[in-house]
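# Remarks on the overall topology
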Amino acid sequence: MLIYEWRGAFYGTIDDIRIVRDQYAGCIGCLWVGCLLDGCPAAQQAKKRENGFSGLTLCLLETLSFWLDEESFRGARQMNILANAVLFMLNAVFSYAWSVYIDYKLFEDIRRLKKYYIYGAIPAVVVCLMCVGNLFTEVFFWVTPDNVYYRASWVWITYVVTYCYLSYGAVLVFRYRNQTNKYLFMPVMLFLTPIFLCS
């Protein structure tokens, strides 16, 4: 196993470094969403607050799942399994909701949403059902009896579904940016760039 040491300040495995990195990323994400929420007037920006709380929920759940890993108090393993299952579930649901939101902002057509996005929800629903199954058996991940989290071979499905929804929203904005006179391109890029770079 690879060991990392830098000027005697830190000594641990590469996995330890990744865990610390992810915990800091979760905390920074929470702070970033909190700053966005703080600057949104309640009457005008209710939708932004709702989206902000959704992002905040994901950040907090991810931080909680890292904190629970390898903890030994009563119920820690069950909480770890539940937090990770809900996290994978919400990733799929929120990325699907993102693509629906982008489509609505571009076209403002409810009939279009009903026509296409009922079927578009199928991958997210499948991921959610598999997450429920993960509460009982190994699907996307497993947690050992001593509460250590490991990814399973099917975990790639969650990433494919999430990134397909996010990429679809970005392609939609890019393709129709001139036809709709909606200034969504830069906000979408600012939202997606950190996600793709930090994954």
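Below you will find a few notes about this structure. Only a predicted model underlies this, so the values are computations on that prediction, with no experimental measurement involved. (Residues numbered from 1 in each chain as written. Predicted model: local features only at pLDDT ≥ 70, side-chain atom pairs only at ≥ 80, totals over all residues. Heavy atoms only, no water.)

### Considerations on the pattern of salt bridges
Formally: Only one rule defines a salt bridge in this text: a Lys or Arg side-chain nitrogen within 4 Å of an Asp or Glu carboxyl oxygen. Note on exposure labels: buried denotes an accessible area under 20% of the residue type's maximum, exposed denotes more than 50%, and partly exposed covers the range between, all computed with a 1.4 Å probe on protein chains only.
Tallied over the full model, the rule gives one salt bridge. Linking Asp-103 and Arg-112 is a salt bridge whose minimum nitrogen-to-oxygen distance equals 2.9 Å. Each member of the pair, Asp-103 as well as Arg-112, is classed as buried.

### Description of the packing of aromatic side chains
The line we're drawing: Only Phe, Tyr and Trp rings take part, Trp by its six-membered ring, and two of them pair if their centres are within 6.5 Å. Stacked means planes under 30 degrees apart, edge-to-face means over 60, and tilted covers everything else. Helix and strand definitions follow DSSP, with helices as H or I runs of at least four residues and strands as E runs of at least two, each counted in order from the N terminus. Each ring is checked for a lysine NZ or an arginine CZ that lies within 6 Å of its centre and within 35 degrees of its normal; such an atom marks a charge sitting over the ring.
Applying the stated criterion across every chain yields a total of nine aromatic pairs. Judged by centre distance (5.9 Å) and plane angle (35 degrees), the rings of Trp-67 and Phe-73 are tilted. Residue classification places Phe-73 among the partly exposed positions, given a relative accessible area of 35%. Plain terms: the ring middles of Tyr-96 and Tyr-117 are 6.5 Å apart, the flat faces sit at 55 degrees to each other, and that makes the pair tilted. Separated by 21 residues along the polypeptide, Tyr-96 in helix H3 (residues 76-107) and Tyr-117 in helix H4 (residues 110-120) bring together distant segments of the chain. For the pair Tyr-96 and Tyr-117, one class covers both residues: buried. A cation sits over an aromatic face here: Arg-112 above Phe-107, 4.2 Å from the ring centre.

### Digging into the nonpolar core
Heads up, the condition is: Here the nonpolar core consists of buried residues drawn from Ala, Val, Leu, Ile, Met, Phe, Trp, Tyr and Cys, with membership extended through side-chain atoms lying within 4.5 Å. Contacts are assigned to residue pairs that have any heavy atoms within 4.5 Å of one another.
Within the largest apolar cluster, 31 residues are counted, with the highest numbers of intra-cluster contacts made by Tyr-96, Ile-102, Val-127, Phe-140, Phe-141 and Val-188. For this core, the secondary structure elements donating two or more residues are H3, H4, helix H5 (122-134), strand S3 (141-143), helix H6 (156-176) and helix H7 (185-198). Ignoring sequence-local partners within four residues, the contact set of Ile-102 consists of Gly-169, Leu-172, Val-173 and Val-188. In terms of nonpolar packing, the next biggest core, distinct from the first, is built from six residues, Leu-61, Leu-68, Ala-83 and Leu-87 among them.

### Topic: the side chain of Ser-99
In this structure, Ser-99 sits in helix H3. Assessed through its relative accessible area of 1%, Ser-99 is described here as buried. The contact partners of Ser-99, leaving out residues within four places of it in the chain, are Tyr-117, Tyr-165 and Tyr-168.

### What about H4?
Selection rule: This arc describes the spread of directions from the helix axis toward the C-beta atoms. As used in this structure description, the phrase polar contact means that two N or O atoms lie within 3.5 Å; if the pair is within protein, one of them must be able to donate a hydrogen and the other to accept it, and residues adjacent in sequence are counted only when both atoms belong to side chains.
If you check which residues of H4 are buried, you get Arg-112, Leu-113 and Tyr-117. Here the buried residues of H4 occupy an arc of 90 degrees about the axis, which is enough to place them on one side. Opposite the packed face of H4, turned more than 90 degrees from it, sit the exposed residues Arg-111, Lys-114, Lys-115, Ile-118 and Tyr-119. Contacts made by the buried residues of H4 are with H3 and H6. Among the residues of H4, the N-terminal cap falls to Asp-109, whose side-chain oxygen and the backbone nitrogen of Arg-111 are separated by 3.1 Å.

### So, the side chain of Asn-84
In this structure, Asn-84 sits in helix H3. Excluding residues that lie within four positions of it along the chain, Asn-84 makes contacts with Ser-65, Phe-141 and Tyr-149.

### Describing unusual backbone geometry
Positioned with a positive phi, Glu-108 is a non-glycine residue whose angle comes to about 50 degrees. Structurally, the position occupied by Glu-108 is in the loop between H3 and H4. A positive phi is found at Asn-147, a non-glycine position, where the angle reads about 65 degrees. Assessed through its relative accessible area of 2%, Asn-147 is described here as buried.

### Here we look at the packing of H5 against H6
Note the following rule: Here, axes are lines fitted to C-alpha atoms. For helices the fit covers the stretch in contact, and angles between N-to-C directions go from 0 to 180 degrees. The labels follow the angle: roughly parallel below 35 degrees, roughly antiparallel above 145, roughly perpendicular from 65 to 115, and oblique for the rest. For a crossing to be left-handed, the near helix must be turned anticlockwise from the far one by less than a right angle; the clockwise case is right-handed. Here the nonpolar group is Ala, Val, Leu, Ile, Met, Phe, Trp, Tyr, Cys and Pro; Asp, Glu, Lys and Arg are the charged ones; every other residue, Gly included, is treated as polar.
At a minimum axis separation of 10 Å, H5 and H6 run at an interaxial angle of 150 degrees. With respect to each other, H5 and H6 are oriented roughly antiparallel. Considering how the two elements wind past one another, H5 and H6 form a crossing that is left-handed. In this structure, H5 contributes Pro-123, Ala-124, Val-127 and Met-130 to the contact, and H6 contributes Ile-157, Thr-158, Val-161 and Tyr-165. Of the residues assigned to the contact of H5 with H6, the class counts are seven nonpolar, one polar and no charged.

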